[in-house]
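# Residue-level structural notes
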Amino acid sequence: AIAALLVILAAWVIARITTRPIRRLTVASKRIASGELGQKIPIEAKDEVGELTRAFNEMSTKTKKLVETISRDKTRLATILDNMADAVIMIDSEGNISLANRAAENIFNMKDAENKPLIEVVRDYEVDELLKLCLKTDETQTVQYESGISKRYFRAIAIPVIHNELTSVLLLLQDLTELRNLQTT
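The numbering scheme is per chain: residues are counted from 1 as the chain's sequence reads. Totals for whole chains, interfaces and linings use all residues, but because this is a predicted model, local features are given only for residues with pLDDT of at least 70 and pairs of side-chain atoms are given and counted only at 80 or more. Side-chain metrics in this entry use all non-hydrogen atoms of the structure; hydrogen atoms and water are not considered.

### Re the pairing of strand β3 (residues 141-146)
At least two DSSP bridges between two strands are needed for those strands to be called paired. Numbering of helices and strands starts at the N terminus; helices are DSSP runs of H or I of at least 4 residues and strands are runs of E of at least 2. Of the strand pairs in this sheet, β3 and strand β4 (residues 153-163) are connected by six bridges, and their pairing is antiparallel. The partner of E146 across the bridge, within β4, is Y153.

Next comes the structure, spelled out in structure tokens:
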């Protein structure tokens, strides 16, 4: 009976020692999944579990660096986009606005434009026709027009964004009103 108890106790201790690194990996993996990047686990063994721990630590470090790089690039691009003088609007393949920079919001007095049809927000027939033509042909389209709404003169360029198929259209609107006024006076 004592021998059986000692065997059970020894088996329990061995199981605890064997599964401890796996439990640490599990806890660290859950932390990474919840956003706590850069988790490190001390490497205590030189066996397969140690190799797994080393690979986990390397993956964790690389993931943290990658997320930091993506975040930094996203911030840079958002800053550039928001400080452009030209209006930039991204429209999905259904004709709904998915993104607009500050210039677009100011020119067209956009409020909560995301997921709304372009024509509903911009209210310029010429821009809507340009978008439809770009969506139909999958080719860049350009038009210059005078907006009946804002009384401004624009060059609008619709550029298809294609990833295996047309996924969206990038619409660039340049306000040429001052240039046109200089040319006509």
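### So, the nonpolar core
Membership of the largest hydrophobic core comes to 23 residues, with the highest contact counts inside it found for I89, M110, L118, L171 and L173. Listed by contribution, the elements that provide at least two residues to this core are β1 (87-92), β2 (97-100), α4 (118-122), α5 (125-137), β4 and β5 (165-175). Top contributing element to this core by residue count: α5, with four residues. Throughout, a residue-residue contact means that at least one pair of heavy atoms, one from each residue, lies within 4.5 Å. Excluding residues that lie within four positions of it along the chain, L173 makes contacts with D86, A87, I89, F108, V127, Y145, F154, R155 and A156. Formed by five residues, the second largest nonpolar core is a distinct cluster that contains L25, A28, I41 and F56. Here the nonpolar core consists of buried residues drawn from Ala, Val, Leu, Ile, Met, Phe, Trp, Tyr and Cys, with membership extended through side-chain atoms lying within 4.5 Å. Between buried and exposed lies partly exposed: a residue is buried under 20% and exposed over 50% of the maximum accessible area for its type, with that area taken using a 1.4 Å probe on protein chains only.

### Examining helix α2 (residues 48-82)
Spacing of three or four residues puts side chains on the same side of an α-helix, whose turn is 3.6 residues. Helices are assigned an expected span. That span is 1.5 Å times one less than the residue count. With 35 residues, α2 ought to run about 51 Å at 1.5 Å a step, and its terminal C-alpha atoms sit 50 Å apart, in line with that. Taken residue by residue, α2 has G50, T53, F56, N57 and S60 as its buried positions. The secondary structure elements touched by the buried residues of α2 are α1 (2-33). Polar contacts, as counted here, are pairs of nitrogen or oxygen atoms within 3.5 Å of one another; within protein the pair requires one atom able to donate a hydrogen and one able to accept it, and residues that are adjacent in sequence qualify only if both atoms are side-chain atoms. Two or three places before V49, at the opening of α2, D47 has a side-chain oxygen 3.2 Å from that residue's backbone nitrogen.

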